[in-house]
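Working through the structure, step by step
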Amino acid sequence: MKNGSVHFGDNIKRDGPVLTQWEAKWIWGTDNTTDHNWLALRKKITIDAVPDSVIARIAVDSRYWLWVNGRNVIEDGQVKRGPTENDTYFEYVDLTPYLQAGENTVAVLAWYFGNSNTYFSYNSSGQGAFLMEADFGNGQLLKTDETWKCKTHPSFLNRRKLTGEGPSYRIPEEHHHYDARLEASMENWQQPDYDDSGWENATVYGSVGDEPWNQLWERSIPQMKSWPRTSYKNPEAFAPYKEKATEEQVCLKMELPYNLQLQPYLKVEAPAGLEIQMISDDSEPIQVYYVTKEGVQEFEAWYWTCAQNMTYVIPAGVKILDLQYRQSGYNCEFVGSFQCEDEDLNKLWIKALYTLYITMRDNYMDCPDRERAQWWGDCTNESHMTFYSLSPDAYLLYRKGVDTLINWRKTEVTSGKIDRYHVLQTVVPITGWYYELPMQQLAGVNGFWTYYLYTGERDFLEEVYQPSVDYIKRWVLGVDGLVAHRLGSWDWPDWGQNFDVPVMENAWYYMVCDAVRKMALELGETKDLPFLEGRMRSIRNAFDKVYWTGASYHAPQRCYEDNGYTILFSETPQPDDRANALAVLSGLADKSKYPAILELLKKQYNSSPYMEKYVLDAMFFMGCEKEALLRMKDRYQEMIDAEYTTLWETFIPFYDDFYGTRNHAWTGGPMVNLSGHVAGVAPDTAGYAQYHVLPQLGNLNRIAVSVPSVKGDIKVTINRNVEDKTISLSLDSPANTVARVGIPKFDGKTMAVSVNGSYQAEGVTFEGEDEKYLYFLAQPGCYEFNAQA
């Protein structure tokens, strides 16, 4: 099932709030400040006829479910509040299929998270409120006002207040606690014939534009996708308790196909007052608690949690008639793929896909359990992974994140201890905290260019260009011509130890200046080129003099002051794999240094999974694909072998002094490495107008990849026979592209290459060769390249 929605795409207004007139008012019950209040609302309206189109506008702090004439229209509606520090989202919903001539009943369940001092990915207004308006024509207008009926739903209870138990303090949601004994007065309350005469009239709290909800920004991502309810992989686990009630507490570990977002379901026969727990095995997730009423009953959790396995803790005296789950998630499709003869690499690619998808919903998340936070270093890696695996609907999630990132900037000089002027914050929306992790933000600005290269969305480049320039101007150069260290609010280069911060920071900064320089050239913003090129020239002139030791890049002084405390990153300083990888990727390390850097990267394992992507990128960039694949297998082997289907936050196994989460999308870099480097598919120019297929096979001989580019699917199959020294490469190239195809050589020797059985195939021209490849330019079409050394 898919939620009701309207078209999302080019018509989204991103540059400010939507300022159209509303007659609707913000409403709630008498008390609109109690944390985790679930409010039922109802309204009847009579219309003469059903118009061709009725599009409602809806906003809420924080979530809502919508029914029209007893039929479900929206589940888990609204995205978490915080398009700016002050404003609120709204969304368009198509009501047309659910309406009828005559009387219509609208029913809403709204959930207000609350007003804690510390939340990630949500900025509370401090007051629960609901807003809805729909124009039926002929002066017939549905609008929230004091005539709506409302009642706090008695079955939704705040478990933290009941027991002190709750999920991580970082997330605004609470454990889901539902007491079915209290729902009698609410039976079928969404249906037209329900009697709501005993409910109170709603209280009006303000008009559109009023504080604390302020202006309304259009939702820019689709409604979430919801699947039909389905059985767990092991339904036999509860079979013994279908006919005979449990005699003691049982814990049933119900298996899911992979780690996913879900709403657990049960059907039981039980006496009243027993608590059934539905417990996820993820890290600090939302858990579900259900208190039974008398008799046969069904319950499906209203809000999502995540799990690889869901354990039902069921007390004595319960017949278990059925246990199922409903998967939900971001509304996109799995469309990319990668296959080779190494099953470990295939498994790693799939685990990266599952990890990416479970960390997508209102925003890209670092993890779906402990934080659900839009850390920008994570988002940058996630967006890059999206280009190799998901349908283009997924790009909207990154665009929404960038919109938020830019709208939370301070464009005037701020007073106080923290100077936020033109800072791109690392986590937004947010309540009660302020984060700038400078090196994550540099990675993020570099990721802006990556996004443009893969999509060709010029309006995106126009949106991010000036904020990028403004942000990198916050850095200053030191007397040696290198950038002075920027602390930010959290001086975090990566998890782990032995950070070579000066080398990392200068390489990141140089790389970002180059990315922004490319933006300037693309947009014709020549006024900033002297600044950008001057900064690059200064760093390049000093970088080797200060940091190159003859064997690696390594800063001679590795300590600095942080709020009065001296930070020492290593008592026995040693070269850092991350720093040297960034020196390669930035272009500061010339090819003469590659052999020495390679030796370091073969043995130095400082990086966390977040920075490991960049280390592997650098090894492929240097043309060292055999060594890159060996390092990839070595670093990820425990995750590959683990029964858990998603990738971990750190390389420390979660069963052995593990810290972190078991589903961290920043760990999915191998997806980009495998599809983008090993299969070798990536854009050369914006939006895949020209792209390359330059396989870096290492010791692999069979590759099949499908890459969902903005121009259409690019499909490549490679078969190499090392003994016969033959290689075949098939390419299905979409319209409006030019493909630059490299046929890998054997031992650097030239080869005879036929295309579709001919040495002069139409649509393909020979471009030249180097020590690694024979190059061809291919117009759109299907081609079979065959080469013999």
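Sequence order as written defines the numbering, with residues in each chain counted from 1. Totals for whole chains, interfaces and linings use all residues, but because this is a predicted model, local features are given only for residues with pLDDT of at least 70 and pairs of side-chain atoms are given and counted only at 80 or more. With hydrogens and water excluded, all non-hydrogen atoms of the structure serve as input to the side-chain values.

Describing the side chain of D617
- Secondary structure elements follow DSSP: runs of H or I no shorter than four residues count as helices, runs of E no shorter than two count as strands, and numbering proceeds from the N terminus. Relative to the elements of secondary structure, D617 occurs in helix α11 (residues 609–621).
- Each residue is placed in one exposure class: buried if its accessible area under a 1.4 Å probe, protein chains only, is under 20% of its type's maximum, exposed if it is over 50%, and partly exposed if it falls in between. Taking relative accessible area as the criterion, D617 reaches 8% and is therefore assigned buried.
- Within 3.5 Å is the distance limit for a polar contact, defined as a pair of N or O atoms, with the added protein rule that one can donate a hydrogen and the other accept it, and that residues adjacent in sequence qualify only through two side-chain atoms. Within polar-contact distance, the side chain of D617 engages the side chain of H677 at 3.1 Å.
- Those residues in contact with D617 that sit more than four places away from it in its chain are L585, N673 and H677. Every residue pair with non-hydrogen atoms within 4.5 Å of one another is taken to be in contact.

Quick look at the sheet that holds strand β34 (residues 738–744)
- Read across the open sheet, the five strands follow the order β29-β30-β34-β37-β36; overall the sheet is mixed. The outermost strands of the open sheet, each flanked by one partner alone, are β29 (681–683) and β36 (764–769). Adjacent strand axes in the sheet meet at a mean angle of 20°, parallel and antiparallel pairs treated alike.
- Any two strands are treated as partners once DSSP identifies two or more bridges connecting them. Of the strand pairs in this sheet, strand β30 (residues 690–693) and β34 are connected by four bridges, and their pairing is parallel. What sits directly across from Y691, in β34, is A739. Fitted lines through C-alpha atoms give the axes, limited to the stretch in contact for helices. The angle between two N-to-C directions lies from 0 to 180 degrees.

Quick word on the sheet that holds strand β38 (residues 781–788)
- Across the sheet, six strands lie side by side as β25-β31-β32-β33-β38-β35; this open sheet has antiparallel pairing. At either margin of the open sheet sits one strand with a lone partner, and together these are β25 (337–340) and β35 (752–755). With strand direction ignored, the average angle separating the axes of adjacent strands in the sheet is 10°.

Digging into the environment of S168
- Positionally, S168 belongs in the loop between α1 (159–163) and β13 (176–179).
- Given the relative accessible area of 2%, S168 is considered buried.
- Remark: the alpha-carbon pair of S168 and I286, spanning 118 residues in sequence, is separated by 8.3 Å.
- For S168, the contacting residues outside a window of four places in its chain are E284 and R370.

Re the packing of helix α6 (residues 458–472) against helix α7 (residues 501–523)
- Running from N to C, α6 and α7 cross one another at 135°; their axes reach a closest spacing of 10 Å. Between α6 and α7, the crossing angle belongs to the class labelled oblique. Considering only the axes of α6 and α7, their crossing is left-handed. Mapping the contact onto sequence places R458, L461, E462, V464, Y465, S468, V469 and I472 in α6 and Y509, V512, C513, V516, M519, A520, E522 and L523 in α7.
- When residues are grouped by polarity, Ala, Val, Leu, Ile, Met, Phe, Trp, Tyr, Cys and Pro land in nonpolar, Asp, Glu, Lys and Arg in charged, and all others, Gly among them, in polar. Looking at the contact of α6 with α7, its residues break down into 12 nonpolar, one polar and three charged. Orientation labels follow simple angle bins: below 35 degrees gives roughly parallel, above 145 gives roughly antiparallel, 65 to 115 gives roughly perpendicular, and whatever is left gives oblique. Each crossing gets its hand from how the near helix is turned against the far one by less than a right angle, where anticlockwise is left-handed and clockwise is right-handed.

Some points on the nonpolar core
- To qualify as a nonpolar core, a set must consist of buried Ala, Val, Leu, Ile, Met, Phe, Trp, Tyr and Cys residues joined through side-chain atoms within 4.5 Å. Counting 160 residues, the largest nonpolar core has Y330, M360, F448, L731, I743 and F785 as the members making the most contacts within it.
- In terms of residue count, the dominant contributor to this core is α7 (15 residues).
- Setting aside chain neighbours within four positions, we find M360 in contact with Q261, Y330, C332, M365, L390, A394 and L397.
- Membership of the second largest hydrophobic core comes to 83 residues, among which are I74, A110, Y119 and I320.

Observations concerning the environment of G757
- Mapping G757 onto the fold places it in the loop between β35 and β36.
- Owing to a relative accessible area of 69%, G757 belongs among the exposed residues under this scheme.
- Distance in space between the C-alpha atoms of G757 and Y783 is 9.6 Å, their sequence separation being 26 residues.

A word on helix α3 (residues 376–386)
- Across the 11 residues of α3, 11 count as buried, placing the element largely inside the fold.
- Taken residue by residue, α3 has W376, G377, D378, C379, T380, N381, E382, S383, H384, M385 and T386 as its buried positions.
- Considering only its buried residues, α3 is in contact with α2 (343–358), α4 (395–407), α5 (438–455), α11 and α13 (669–678).

Quick word on the pairing of strand β5 (residues 71–77)
- With respect to burial, β5 is a largely interior element, five of its seven residues being buried.
- Relative to β5, strand β4 (residues 63–68) runs antiparallel, the two being bridged by four bridges. Within β5, the residue paired with Y64 across the bridge is G77.
- Turn length for the β4-β5 hairpin, with the two strands adjacent in sequence and antiparallel, is two residues, and the turn residue N69 shows positive phi of about 55°.

Focus on the pattern of salt bridges
- Any carboxyl oxygen of Asp or Glu within 4 Å of a side-chain nitrogen of Lys or Arg constitutes a salt bridge here. Going through the model one piece at a time under the given rule, you end up with 50 salt bridges.
- A salt bridge links R42 to D196; the shortest N-O distance between them is 2.9 Å. In this pair, R42 is assigned in strand β2 (residues 37–47) and D196 in the loop between β13 and β14 (200–201), connecting sequence segments 154 residues apart.
- D196 gets classed as buried once you look at its relative accessible area, which sits at 15%.
- The partner of R631 in a salt bridge is E612, and the shortest N-O contact between them spans 2.7 Å. Highlighted residues: R631 in helix α12 (residues 625–641) and E612 in helix α11, separated in sequence by 19 residues.
- Connected through shared salt-bridge partners, R170, D366, R370, E371 and E649 make up one network.

Structural notes on the pairing of strand β20 (residues 275–280)
- Side-chain alternation along β20 places I276, M278 and S280 on a buried face and E275, Q277 and I279 on a face that remains uncovered.
- Looking at chain direction, β20 and strand β21 (residues 288–291) are connected through four bridges and run antiparallel. Looking at β21, one finds that Q277 is bridged to Y289.
- Taken together, the four bridges between β20 and strand β23 (residues 305–314) define a ladder with antiparallel strand orientation. The residue bridging I279 from the neighbouring strand is T311, located in β23.

What about α12?
- Working rule for helices: expected span equals 1.5 Å times residues minus one. A rise of 1.5 Å per residue sets the reference length of α12, with its 17 residues, at 24 Å; its end C-alpha atoms lie 22 Å apart and thus fit the reference within 8%.
- In this analysis the local bend is the angle between axes fitted, respectively, to the seven residues ending at and the seven residues starting at the residue. Its axis deflected by about 50° at R635, α12 carries its strongest bend there.
- Every buried residue of α12 is listed here: E625, A628, L629, R631, M632, R635, Y636, M639 and I640.
- In this structure, the buried side of α12 is in contact with α2, α9 (577–586), α10 (594–603), α11 and α13.

Here's the deal with the packing of aromatic side chains
- Think of it this way: a Phe, Tyr or Trp ring, Trp meaning its six-membered ring, pairs with another when their centres are within 6.5 Å, and the plane angle makes it stacked under 30 degrees, edge-to-face over 60, tilted otherwise. If you walk through the whole model with that rule in mind, you get 66 aromatic pairs.
- The interplanar angle of 80° and the centroid separation of 4.9 Å between the aromatic rings of W111 and Y303 together place this pair among those described as edge-to-face. Of the two residues, W111 sits in strand β7 (residues 102–112) while Y303 sits in the loop between β22 (295–300) and β23, which places them 192 residues apart along the sequence.
- Its relative accessible area of 3% is what places W111 among the buried residues.
- For Y303, a relative accessible area of 3% gives the class buried.
- A ring has a charge above it when a Lys NZ or an Arg CZ is no more than 6 Å from the ring centre and no more than 35 degrees off the ring normal. Its guanidinium or amino end placed over the ring of W22, R57 lies 4.1 Å from that ring's centre, counting from NZ or CZ.
- Its guanidinium or amino end placed over the ring of Y614, K613 lies 4.8 Å from that ring's centre, counting from NZ or CZ.

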